Structure formats: structure tokens, C-alpha cells
Amino acid sequence: GSESNTPDVATSETYTDASDTGILGRWYPEYTDYSEYYIQFNEDGSGLIYSDGQESALSYTYTNGVIKVKVSTGGENEFFLEDGKLRSDFDGSLYSRKTTEEQEAEKASKEPAKITDVTGIWYDPTGLSTGTYTFNPDGTGILDWGSGAKPASFTYTVNDGSVNIFMSNYSFSLTIRGDQLDDGDSRYIRR
């Protein structure tokens, strides 16, 4: 009869062993260093194609080194696993995989490690803010407004990526962004 031996994606059990097939994660085309495009395969037979900020959902089956992809927008494609790379049946281009761990490591290498010790004098190098913060090792500090106004003393705590500043009449937080302190308008660096 007219029976196809292509499993129906919704009921396909072929993905259950996908976790050890080496296809999970994000695949980036090798023909470009264009990081705005990748294909992602998840353990549950779903995934997505990311292109220029747009995500298109996909479903896939994986059998004998062939990934059959159905994109939500209607397209279909096949990829062949060859020596740890994927070759597109559509245009023959090769894709390399980055595991989640590799993506995290790459992200971490681009973003400076978050600091936890903020002691020292901090200022805004752009001059947008004239204020300087002085954080003492004992949890106290001084905010010099840089405008002739009397400097304000404060106490502070560093917690979970924020510096929480407590003054006599109000409190606020600075967000730690790598090795900078961000107040929402200005970014401060240590002198």
C-alpha cells in the first residue's frame, strides 16, 4: 500500500535516543561567521531555526544519520551527520555544533566575570554622571555628587549581582555588569 515508513513527527519515538546521538544543541553554518543564524535541536524532537532575530519552530526525526526537519513555516530539509558535522541536503553547506556548555563558556569569555568586591572609588568615565562612589571594606561608603552638594554617607551590601546602597532617606541598587556598576543611566568603573 501507500504506507510511508517516515514516522509521524508527533508520535515518533525516534527522538528518544537522540540524547546520545550527538545532534543536540545549536548548529552554526560554516560558510560564514554570521552568528545571527543557527539551527537548534532539542531532546524532545523539537527545535528552532534562528535567523536575524526571528525564530521558526521546527520538528525533526533522526534515523540512521539522517535528520528530517519540518519547519513551522512549511519548509522541509534533510541533514546528514558526517564526521561530527551536519551537511544540508538543500545546498550542501556544512554546520558545526556548539553544545550548551560551549555556548556558556563562549558567553562567559565575552563578558567579564562579575565582581563581588566593590571596594574602591568608582566614577563614570563618560562624564554623564559627575558622582563618584567610594566603597570601604567595612560596608560603608560615601557618594560624592560632584556638584558641590554635601557628599552623602551610606552603607552597602553586595548580593546576587547588585550593590544595594542604603542612605538615611532612601536606598537604591547598582547592577553589577561584568567589572562595571550600572545605575540605569551611567556605568561606573573603578579608578
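Reading the values: the criteria
Residues numbered from 1 in each chain as written. Predicted model: local features only at pLDDT ≥ 70, side-chain atom pairs only at ≥ 80, totals over all residues. Heavy atoms only, no water. Helix = DSSP H or I, 4+ residues; strand = E, 2+ residues; numbered from the N terminus. Buried < 20%, exposed > 50% of the residue type's maximum accessible area, 1.4 Å probe, protein only. Contact = heavy atoms within 4.5 Å. Areas by Shrake-Rupley, 256 points an atom, 1.4 Å probe, with all protein chains shown as cover. pLDDT = per-residue confidence, 0-100. Pairing = 2+ DSSP bridges. Axes fitted to C-alpha atoms, helices over the stretch in contact; angles between N-to-C directions.

(A) Representation of the overall build of the protein within the structure. For the protein, the count of helices and strands is 1 helix and 16 strands. Expressed as a percentage of the 191 residues in the protein, the buried residues total 34%. Sequence separation of 24 or more characterises 33% of the internal contacts of the protein that already satisfy a separation of 6 or more. Element-wise, carbon and sulfur atoms account for 46% of the exposed surface of the protein, whose accessible area totals about 11,700 Å².

(B) Main features of the confidence of the model for the protein. Here the protein averages 82 in pLDDT, while 79% of its residues score no lower than 70. Per-residue pLDDT stays below 50 along residues 2-19; that stretch engages in 19 contacts with residues further than four places along the chain or on separate chains.

(C) Up close: the sheet that holds strand β9 (residues 120-123). The strand order around the closed barrel formed by 8 strands is β9-β10-β11-β12-β13-β14-β15-β16, and the pairing between neighbours is antiparallel. Across the sheet, the mean angle from the axis of one strand to that of its neighbour is 30°, orientation sign disregarded. In the sheet, β9 pairs with strand β10 (residues 132-135) via 4 bridges, with the strands oriented antiparallel. Each bridged residue has a counterpart across the sheet, and for I121 the counterpart in β10 is T134.

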